[in-house]
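Commentary on secondary and tertiary structure
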Amino acid sequence: MSMPDPMPSYDAQTPPATPPHPAPYAASAPEDAPLPGCGFAPAVTRYWRGYVRFHGRASRGEYWWAVLFVAIVNVALNLLASLTDDAPLIGFLSFAWGVATLLPSLAVSVRRLHDANGSGLLLLLPYGLILVGMLLGLTGLAGAAGGVVMLAAGGDAGLMGGGLGMTMVAFLLLLAGLAALIILMCRPSDPNGARFDR
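Quick summary incoming for the structure in this document. Being a predicted model, the structure only gives us computed values, none of them experimental.

To continue, consider helix α3 (residues 87-115). Here α3 is 29 residues long and its end C-alpha atoms lie 40 Å apart, about the 42 Å a rise of 1.5 Å per residue gives. Of all the bends in α3, the greatest reaches close to 35° and is centred on T101; the proline P104 follows between one and four positions later. Downstream of α3 by a residue or two, N117 has a phi angle that is positive, lying close to 65°.

Below, the structure written as structure tokens:
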């Protein structure tokens, strides 16, 4: 009985088979085309390069890395404001950052919808819900505050209850708008979205 050879032999002319490796993601893509597998740095670069470019497409990675970038800077500015005594300057910087990122954030959102073969007008749904929720919330809080004043003066608590109810509806609208935005931005790429390229 012979023992199997622990080292399999192979012909010197044929190399051993290697498993196929998946093709790496493209390091760059045309500005109108989405960049699949986009990392943080390329996403931020494309975010600023497409400042007001509402045509073309953006991959999920491009969109979500850009959202993370904007959120990190917002959190950093808020932390800085809470840790320093120079609140007016930090408040101005926060306002300037918000203004500076408004258009590119809207543009990358539209391009993300284009990548999923959707119109940029779909953004009216989540942003409309969020806007109505914010307006109802402010109105509800004002009504609740007025109800507290009336209740303290010996009046009826109906205004306070109505204001709190309106605030709850506003909260639900805000949640619905946020959920709609997440659902729209998580949709997979659709090759038919190339119709939005130039």
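Moving on, we get to the side chain of T101. Relative to the elements of secondary structure, T101 occurs in helix α3. Its relative accessible area of 5% is what places T101 among the buried residues. Looking at T101, its side chain comes within polar contact range of the main-chain oxygen of W97, at 2.8 Å. Each residue touching T101, except ones within four places of it in the same chain, is listed here: Y47, W48 and V70.

Turning our eyes to something else, we now look at the nonpolar core. By size, the foremost hydrophobic cluster in this structure holds 16 residues, and its most contacted members are L123 and M185. When residues of this core are traced back to their parent elements, those giving at least two are α1 (40-49), α2 (60-83), α3 and α5 (158-185). For this core, the element with the most residues is α2, which contributes five residues. Judged by nonpolar contacts, the second largest core, of five residues, contains A29, L35, C38 and A43.

The next thing to look at is the pattern of salt bridges. In total, this model carries three salt bridges according to the counting rule given. Across the pair E62 and R46 runs a salt bridge whose closest N-O atoms are separated by 2.9 Å. Of this pair, E62 sits in helix α2 while R46 sits in helix α1, and the two are 16 residues apart along the sequence. E62 sits in the buried class, given a relative accessible area of 3%. For R46, a relative accessible area of 6% puts it in the buried group. A salt bridge links R112 to D115; the shortest N-O distance between them is 2.8 Å. Taken as a pair, R112 and D115 lie in helix α3 at a separation of three residues, close to a single helical turn.

Conventions and cut-offs
- Residues numbered from 1 in each chain as written.
- Predicted model: local features only at pLDDT ≥ 70, side-chain atom pairs only at ≥ 80, totals over all residues.
- Heavy atoms only, no water.
- Helix = DSSP H or I, 4+ residues; strand = E, 2+ residues; numbered from the N terminus.
- Expected span 1.5 Å × (residues − 1).
- Bend = angle between axes of the 7 residues up to and from the residue.
- Buried < 20%, exposed > 50% of the residue type's maximum accessible area, 1.4 Å probe, protein only.
- Polar contact = N/O pair within 3.5 Å; in protein donor to acceptor, adjacent residues only side chain to side chain.
- Contact = heavy atoms within 4.5 Å.
- Core = buried A, V, L, I, M, F, W, Y, C linked by side-chain atoms within 4.5 Å.
- Salt bridge = Lys/Arg side-chain N within 4 Å of Asp/Glu carboxyl O.

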